[in-house]
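Next come the chains, spelled out residue by residue.
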Amino acid sequence: NPPNIKNYVSQLLAGNCVFEIEDENAQNRHNDYIIVALRTAKGIDLEHYNRTYNYDILDIAKPYIEEGKMVLTKTHLAIAEDYMLISDRIMLDFIV
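Starting afresh in each chain, residues are numbered from 1 along the sequence in its written order. Local features in a predicted model are, by the rule used here, given only for residues with pLDDT of at least 70; side-chain atom pairs are given and counted only at 80 or more, and totals for whole chains, interfaces and linings are based on all residues. For side-chain calculations, the full set of non-hydrogen atoms in the structure is used, while hydrogens and water are omitted.

Draft legend 1. Structural view of helix H1 (residues 5-13). Pairing of N or O atoms within 3.5 Å defines a polar contact, subject to two protein rules: one partner must be a possible hydrogen donor and the other a possible acceptor, and residues neighboring in sequence count only if both atoms are side-chain atoms. Elements are defined by DSSP. Helices are runs of H or I of four residues or more, strands are runs of E of two residues or more, and each kind is numbered from the N terminus. The backbone nitrogen of Lys6 has a side-chain oxygen 3.1 Å away, supplied by the residue at the start of H1, namely Asn4. Looking one or two residues past H1, Gly15 carries a phi angle of roughly 85°, positive in sign.

Structure, rendered in C-alpha cells:
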C-alpha cells in the first residue's frame, strides 16, 4: 500500500485500485531478511545467511555480542531477549 494514507483512502473511496510495485533487488531482499529474522527469538540462520548474502554480518554483530545485546550460537545470531524493545536500533546497523 502507498505510504500516504489520506491519498490511499481517497483513491479507494473514488473506486480506484491503489497499489505500488516495489522494486525487489538483492539489497531489498537482504534488508527484509534482516528485519524479519531479527524480530524473532531464533534470529538469523547463519548458514542460510552466508549461503545467500555476500556480507560479513559477524563484524557488525561483534560489539553487540560483547555488550550482551546479541547472542551468537553455532547456527544463529539473535537479539538478546532483554534488548528486543530496542531491536529496531540494533537492526539499523545491519541494513545495507
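Draft legend 2. The nonpolar core, seen in detail. The biggest cluster of nonpolar side chains holds 17 residues, and the ones touching the most others in it are Leu38, Ile44, Ile57, Met70, Leu77 and Phe94. When residues of this core are traced back to their parent elements, those giving at least two are helix H2 (26-37), helix H3 (46-52), helix H4 (57-66), strand S3 (76-79) and helix H5 (87-92). Think of a nonpolar core as a cluster: buried Ala, Val, Leu, Ile, Met, Phe, Trp, Tyr and Cys residues, connected wherever their side-chain atoms sit within 4.5 Å. For the exposure calls, accessible area comes from a 1.4 Å probe over protein chains only, and a residue counts as buried if that area is under 20% of its type's maximum, exposed if over 50%, partly exposed in between.

Draft legend 3. Main features of the pairing of S3. Residues of S3 alternate between two faces, with His76 and Ala78 on one and Leu77 and Ile79 on the opposite face, all of them buried. When DSSP finds two or more bridges between a pair of strands, those strands are recorded as paired. Judged from the two bridges that link them, strand S1 (residues 44-45) and S3 form a sheet pairing that is antiparallel. Looking at S3, one finds that Ile44 is bridged to Leu77. Where strand S2 (residues 70-72) lies against S3, three bridges are found, and the strand directions are antiparallel. Bridging across to S3, Met70 finds its partner in Ile79.

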